[in-house]
Amino acid sequence: MGTAAPPRRFCRCACFCSENLYVARYGLHVRFRSEQQLRQDYGPILRSRGCVSPKDFQQLLGELEKEVERRQRLGQESAARKALIASSYHPARPDVYNSLQDVALAPEFLAAVEYSTSPGADLQGLLQRLETVSEEKRIYRLPVFTAPFCQALLEELEHFEQSDMPKGRPNTMNNYGVLLHELGLDEPLVTPLRERFLQPLMALLYPEYRGWLDTHRAFVVKYAPGQDRELGCHYDNAELTLNVALGKAFTGGALYFGDLFQAPSALANPLEVEHVVGQGILHRGGQLHGARPLGTGERWNLVVWLRASAVRNRLCPMCCRKPDLVDDEGFGDGFTREEPATVDVCALT
């Protein structure tokens, strides 16, 4: 008698619908469970940021209730958008949907990955092949994509933006951008990027996650005059993050980094890092960061949140508790639920 290996079921933590809800008007992330809890936990700071009248508070309350409802529907609506796009959308650049090839990647990136997979590779050797932005904060930078690939991907993203296809936005902080799994770019682009290239790099840079980066969430964000221009301080729902500037021509919009979100005075003396088109910044997801206001032009960035289920299954990075698992579509938020083993009927005969 044999048993089949239990399937991996990806989930999210139930806190997704109650924690870290972003209120742009007041520049604040809040926990929301009830009106009474909101008043008790955030009354003073909300008043200090302009939420003064009963009308202000009721407007905020309505926005938070609407956001909770949106999050509850998110998985189902995202799957429906992905199916419609797959059946009805006509790409401008079909070539970017081909499986990721080395020709799309910067020579420096390929050299760093090749070194990382070589016998005897170590951190010091890898650091000679990329830029250390901050040794203390463990932030690094290196070229990722070639200029032609960045241009091709941008052309495709702009074509999709101008189409009549439904669009799911990356998060409550970014109103302009594209979810790559809905566009159909997860399997050909992001999964091989994570599995073949980022895993060996990250194993040396962040050995605490060696071999554990088993899922991701990838999206493109867009900053432009009259649209999103800056990004408030936050930390990512990820163990590690890759942030690649795709283009176009722009001024301003530098990233700034504080310490890990758990640290007291985590935003004292932030470190500013300018974007360079084609280059990617690697950092820990728990590092507080944001983006300064865009000056001129347009800035498009590919963001890949790298997740390790073996880590987050023990402690949700967003609520800092053992996760309360809820089944979700696709990779969910990178948590896993092991299903009971099933009997392999073929082995019985």
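Note that the structure is predicted; figures quoted are calculated from it, not measured.

Draft legend 1. Representation of the state of the cysteines in the model. Counted according to the given criterion, the structure contains zero disulfides. In this model Cys233 remains outside any disulfide bridge; the closest cysteine sulfur is found in Cys320, 15 Å from its own. On the basis of relative accessible area, Cys233 is assigned to the partly exposed category, the value being 25%.

Draft legend 2. View of unusual backbone geometry. In this model, Gly247 is joined to Lys248 through a cis peptide bond whose omega is 0°. A positive phi angle, near 55°, is found at Asn20, a position not held by glycine. Note on Asn20: relative accessible area 18%, which makes it buried. Although it is not a glycine, Cys320 adopts a positive phi angle of roughly 55°. Along the chain, Cys320 falls in the loop between helix H8 (309–312) and strand E18 (325–327).

Draft legend 3. Focus on the layout of surface pockets. If you add up the space inside the second largest pocket, you get close to 550 Å³. Considering the residues around the second largest pocket, the lining is formed by 24 residues, among which Tyr22, Ala24, Thr172, Met173 and Asn175 are closest to the centre. At the level of secondary structure, the elements contributing two or more residues to the lining of the second largest pocket comprise strand E3 (21–23), helix H2 (54–88) and strand E9 (231–234). Of the residues forming the lining of the second largest pocket, the biggest block, six residues, is contributed by H2. Grouping the constituent residues of the lining of the second largest pocket by class yields 10 nonpolar, five polar and nine charged.

Draft legend 4. Main features of the sheet that holds strand E13 (residues 271–273). Read across the sheet, four strands follow the order E9-E15-E12-E13 without closing on themselves; strand pairing throughout is antiparallel. On the outer flanks of this sheet lie E9 and E13, each paired with one strand and no other. Sheet twist, expressed as the mean angle between neighbouring strand axes with direction ignored, is 20°. Pairing analysis gives two bridges linking E9 to strand E15 (residues 287–291), with the strands arranged antiparallel. When the sheet's bridge partners are listed, Leu231 is paired in E15 with Ala291.

About the thresholds
- Residues numbered from 1 in each chain as written.
- Predicted model: local features only at pLDDT ≥ 70, side-chain atom pairs only at ≥ 80, totals over all residues.
- Heavy atoms only, no water.
- Disulfide = S-S within 2.5 Å.
- Buried < 20%, exposed > 50% of the residue type's maximum accessible area, 1.4 Å probe, protein only.
- Helix = DSSP H or I, 4+ residues; strand = E, 2+ residues; numbered from the N terminus.
- 1 Å grid on protein atoms, 1.4 Å probe; cavity = no way out; pocket = protein on both sides within 12 Å on 5 of 7 lines; lining within 4 Å.
- Points joined across faces, edges and corners; volume = space filled by probe spheres on them.
- Nonpolar A, V, L, I, M, F, W, Y, C, P; charged D, E, K, R; others polar.
- Pairing = 2+ DSSP bridges.
- Axes fitted to C-alpha atoms, helices over the stretch in contact; angles between N-to-C directions.

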